[in-house]
Amino acid sequence: MKETLIIAGFGGQGVLSMGKILAYSGVMQDFEVTWMPSYGPEMRGGTANVTVILSDRKISSPIAHEFDTAIILNQQSMEKFEPMVKPGGVLIYDTNGITRHPVRKDIEVYAIDATAECAKMGQAKLFNTMILGGYLKVRPVVAMENVMVGLKKSLPERAWKMLPANEEAIRHGGEIIRKR
C-alpha cells in the first residue's frame, strides 16, 4: 500500500494540520510516513500545501510530482494540482470559492460542501476535520482510532476539549461528500 497525497489551499484552512493528523495516524498504524509542508511568505491567507506519503514499505523520497489523491481547497490549487493527479486517482474539493470545477475524465472527482456545513454549525474551526472525514470515506487508508490518536497529537492540550466535536466533524464529512 502506498498513498501519495497533496492537500492544498490557503493558510488558515488547516491544510498543514490535516496533513499532520494523517501523518500521525499513519505512524500509529505502523506505516512509513513523510510530511512535507510548503507555504507562501504570507503569515495567513497565502498559499499552503502539504504532501503526505503513507506506505507499508520504505519511502524513497518525500518529493512527489504526481499524486494518488489531491484535496483542493481553493481555485489556485485546483489549477496547479488537478493535472498532477495520476490517471485513476482521486480529486476531492470543497465547493466554496471554486469557479472552474475539475474537468478531467480519467480521475474520480468528489465534492464536499464543508464550508457551508461548518457555517451552518457555527464551527469554522472544524473545516479541516470535516474535509478529512470526506477523504477517509473515499480513501480509508488509516483506521478511525488511529485518526483520533493523530488528532490528539496534532492539537495543543488546551484544544483537547474539541476532540468530540472534531470526531463528529470527521464522521459528518464522510456523510456529505458526493461523487461528481
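As the structure is a computational prediction, the values presented were derived from the model and not from experiment. Going along each chain's sequence as written, the residues are numbered from 1 onward. Thresholds applied to this predicted model are a pLDDT of at least 70 for local features of residues and 80 or more for the giving and counting of side-chain atom pairs; totals over whole chains, interfaces and linings are not thresholded and use all residues. Hydrogen atoms and water are omitted, and side-chain values are computed over all heavy atoms in the structure.

Chemist: How do you make sense of the pattern of salt bridges when you look at a structure like this?
Modeler: If the charged atoms of two oppositely charged side chains come close together, the side chains can form a pair. Whenever a carboxyl oxygen of Asp or Glu lies within 4 Å of a side-chain nitrogen of Lys or Arg, that contact is scored as a salt bridge. In total, this model carries 10 salt bridges according to the counting rule given. The shortest N-O distance in the salt bridge between Arg57 and Asp56 comes to 3.5 Å. Working definition: with a 1.4 Å probe on protein chains only, accessible area under 20% of the residue-type maximum means buried, over 50% means exposed, and in between means partly exposed. Residue Arg57 is classed as exposed on the basis of its relative accessible area, which comes to 55%. Arg104 is paired through a salt bridge with Asp106; the nearest N and O atoms lie 2.9 Å apart.

Chemist: So what exactly am I meant to see when it comes to the layout of surface pockets here?
Modeler: Once rolled over the atoms, a probe with the size of a water molecule shows which space is left empty. Considering only enclosed or pocket space, the largest pocket measures out at about 960 Å³ in volume. The distinction between a cavity and a pocket rests on a 1 Å grid over the protein atoms alone: a 1.4 Å probe fits inside a cavity but cannot get out, while a pocket stays open yet meets protein on both sides within 12 Å along at least five of seven lines, and a residue with an atom within 4 Å of a point counts as lining. Taken together, 38 residues line the largest pocket, and the ones lying closest to its centre are Gly12, Gln13, Gly14, Ser17 and Asn128. Only runs of H or I of at least four residues qualify as helices and only runs of E of at least two qualify as strands under DSSP, and these elements are numbered from the N terminus. Sorting elements by how many residues they give to the lining of the largest pocket places helix α1 (residues 15–28) first, with 4 residues. Its residues placed into classes, the lining of the largest pocket shows 16 nonpolar, 17 polar and 5 charged. Grid points are joined across faces, edges and corners, and a volume is the space filled by probe spheres set on the points. Following the grouping adopted for this structure description, the nonpolar residues are Ala, Val, Leu, Ile, Met, Phe, Trp, Tyr, Cys and Pro, the charged ones are Asp, Glu, Lys and Arg, and the polar ones are all others, Gly among them.

Chemist: How should helix α4 (residues 127–138) be read in this particular structure?
Modeler: Since one α-helical turn is 3.6 residues long, residues separated by three or four positions face the same way. Given a helix with a known number of residues, its expected span is that number minus one, times 1.5 Å. If you check α4, its first and last C-alpha atoms are 17 Å apart, about what 12 residues at 1.5 Å a residue would give, namely 16 Å. α4 sits mainly inside the fold: 11 of its 12 residues count as buried. Looking at α4, one finds that the buried residues are Phe127, Asn128, Thr129, Met130, Ile131, Leu132, Gly133, Gly134, Tyr135, Leu136 and Val138.

Chemist: Before we go on, may I ask you to explain a nonpolar patch on the surface in this structure?
Modeler: Together, Val27, Met28 and Val149 make up an exposed nonpolar region whose accessible area comes to about 200 Å². Of note, Val27 is situated in helix α1. A residue is classified by how much of its surface remains accessible, and Val27, at 41% relative accessible area, is partly exposed. Each patch is built from salt-bridge-free residues with over 30% relative accessible area, joining like charges within 9 Å and nonpolar side chains (Val, Leu, Ile, Met, Phe, Trp, Tyr) within 5 Å. Surface accessibility follows the Shrake-Rupley procedure with a 1.4 Å probe radius. Residue values consider only the protein chains on display as shielding.

Chemist: Could you clarify how one ought to interpret the packing of α4 against helix α6 (residues 163–176) in this entry?
Modeler: The description of two packed helices rests on the angle between their axes and on the distance between the axes. Their axes nearest at 6 Å, the elements α4 and α6 cross at an angle of 50°. Here α6 runs oblique to α4, going by the angle between their axes. α4 and α6 meet at a crossing whose hand is right-handed. Seen from α4, the contacting residues are Thr129, Met130, Leu132, Gly133, Gly134, Leu136 and Lys137; seen from α6, they are Asn166, Ala169, Ile170, His172, Gly173, Gly174 and Ile176. By residue class, the composition of the contact of α4 with α6 is 6 nonpolar, 7 polar and 1 charged. Whenever a helix is involved, its axis is fitted only over the stretch in contact; in every case the axis is a line through C-alpha atoms, and angles between N-to-C directions fall within 0 to 180 degrees. When an angle is under 35 degrees it counts as roughly parallel; over 145 it counts as roughly antiparallel; between 65 and 115 it counts as roughly perpendicular; any other value is oblique. Take the far helix as the reference: if the near one is turned anticlockwise from it by less than a right angle, the crossing is left-handed, and if turned clockwise, right-handed. In this description, contact between two residues means that some pair of their heavy atoms is separated by no more than 4.5 Å.

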